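# Results of the structural survey
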Amino acid sequence: GEAFPIANPLVNPPERISTTLTYKVFRQLCTQFGIAEADAILPEKSDTADIPPSGFVAVNRQMCMSGAIPPFNDFLQQLLLRLAISPFQLHPNGYAILMGLCVLFRRTLDRLPSFDEVCYLCTFAKNKDHPSITLVRSARNRKLIIGLPDSAYGFLSQFFFVRCPSGSVSYTHLRAHETT
């Protein structure tokens with residue numbers, strides 16, 4: 001399939017910053033979202049979300065709250081590959097919308113939405129303030145998911161790394177996908 005040209009990962013994103021999470025908050029997030037500490041890493045000050053350790057992916061509280069925790073479901077894996085972005089490059093509201101669509105489709109049609117259906121129901125755009133971040137919005141006349149906050153304060157700086165099971169989407173897999 002062909003990837004959206006708007007979402008190619010940037011080599012040196014302007015929002016490259018270190019995490020602001022403390023060890024205490026990191027442990028609370030792991031406990032709250034059922035992530036084994038053995039499968040998670042609190043980044044060092046020199047670590048950034050766009051360069052996770054091999055086999056890991058950067059996540060934040062908002063992703064976890066939407067259910068977007070590795071291993072990602074097949075729908076999210078395929079969507080991230082089609083968009084040619086790492087999981088951290090999708091704005092947290094995007095996860096809320098996409099996971100909401102998954103629930104809606106499963107409950108009404110007993111299946112996950114196709115990429116074409118997502119493109120019909122949603123729009124994708126770059127974030128003007130953070131060009132490596134992809135926004136997902138409900139299409140203007142198809143508001144299936146409403147009431148989301150306008151901002152997700154701290155999502156860029158409050159991240160940690162979670163192990164991706166073998167064969168699942170990770171930044172490394174996406175980088176390899178770019179060169180093929």
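Please read all numbers here as calculations on a predicted model, not as lab measurements. (Residues numbered from 1 in each chain as written. Predicted model: local features only at pLDDT ≥ 70, side-chain atom pairs only at ≥ 80, totals over all residues. Heavy atoms only, no water.)

## Let's talk about the confidence of the model for the protein chain
Convention followed: pLDDT is a per-residue confidence score from the predictor, ranging from 0 to 100. By the convention used here, residues are in contact when the closest approach between their heavy atoms is within 4.5 Å.
Taken over all residues, the pLDDT of the protein chain has a mean of 78, while the share at 70 or more is 76%. Within the model, pLDDT remains below 50 along residues 1-9, and this stretch shows 25 contacts once partners closer than five positions in the same chain are excluded. Note on residues 170-180: pLDDT under 50 across the span, and 17 contacts to partners over four residues away in sequence or across chains.

## A word on the environment of Gly 34
The line we're drawing: Labels follow the DSSP assignment, with helices taken as runs of H or I lasting at least four residues and strands as runs of E lasting at least two, numbered in each case from the N terminus.
Topologically, Gly 34 is positioned in the loop between helix H1 (23-32) and strand S1 (40-41). The spacing of Gly 34 and Cys 64 is 30 residues in sequence and 9.7 Å in space, taken between C-alpha atoms.

## Remarks on the packing of aromatic side chains
What counts here: The aromatic pairing rule takes the rings of Phe, Tyr and Trp, using the six-membered ring of Trp, and pairs them if the centres are within 6.5 Å, calling planes under 30 degrees apart stacked, those over 60 edge-to-face and the rest tilted. Buried means the residue's accessible area, taken with a 1.4 Å probe over protein chains only, is under 20% of the maximum for its type, while exposed means over 50%, and partly exposed covers the values in between. Any Lys NZ or Arg CZ that is within 6 Å of a ring centre and within 35 degrees of that ring's normal is treated as a charge sitting over the ring.
Across all of its chains, the model carries four aromatic pairs by this definition. Consider the rings of Phe 88 and Phe 159, whose centres lie 5.7 Å apart with planes at 65°: the pair is edge-to-face. Of this pair, Phe 88 sits in the loop between helix H3 (74-83) and helix H4 (92-109) while Phe 159 sits in strand S5 (residues 159-163), placing them 71 residues apart in sequence. Residue Phe 88 shares its accessibility class with Phe 159, and that shared class is buried. When the ring centre of Phe 115 is taken as origin, the NZ or CZ atom of Arg 82, which lies over that ring, is 3.9 Å away.

## So, H1
How we decide: What the arc covers is the set of directions going from the helix axis to the C-beta atoms.
Of the residues making up H1, those classed as buried are Phe 26, Leu 29 and Cys 30. All buried residues of H1 project into a common sector of 100° when viewed along the axis, lining one side. Structural note: H1 exposes Lys 24, Thr 31 and Gln 32 on the side pointing more than 90 degrees away from its buried face. Of the surrounding elements, those touching the buried residues of H1 are S1, helix H2 (61-65) and S5. Just downstream of H1, Gly 34 is the residue with a positive phi angle, here 70°.

## A look at the packing of H3 against H4
Formally: Note on geometry: axes are lines fitted to C-alpha atoms, helical ones only across the stretch in contact, with angles between N-to-C directions running from 0 to 180 degrees. Should an angle fall under 35 degrees it is taken as roughly parallel, and over 145 as roughly antiparallel, whereas 65 to 115 is taken as roughly perpendicular and any remaining angle as oblique. Left-handed is the label given to a crossing in which the near helix is rotated counterclockwise from the far helix by less than a right angle, and right-handed is the label when the rotation is clockwise. Amino acid classes used here: Ala, Val, Leu, Ile, Met, Phe, Trp, Tyr, Cys and Pro are nonpolar; Asp, Glu, Lys and Arg are charged; the rest, including Gly, are polar.
Direction vectors running N to C along H3 and H4 enclose 135°, while the axes themselves pass 11 Å from each other. Comparing the axis directions of H3 and H4 gives the class oblique. Along this stretch, H3 crosses H4, giving a crossing that reads as right-handed. Residues Phe 75, Leu 76, Leu 79 and Leu 80 of H3 touch H4, and the partners they reach there are Tyr 95, Leu 98, Met 99 and Cys 102. Considered class by class, the residues forming the contact of H3 with H4 number eight nonpolar, no polar and no charged.

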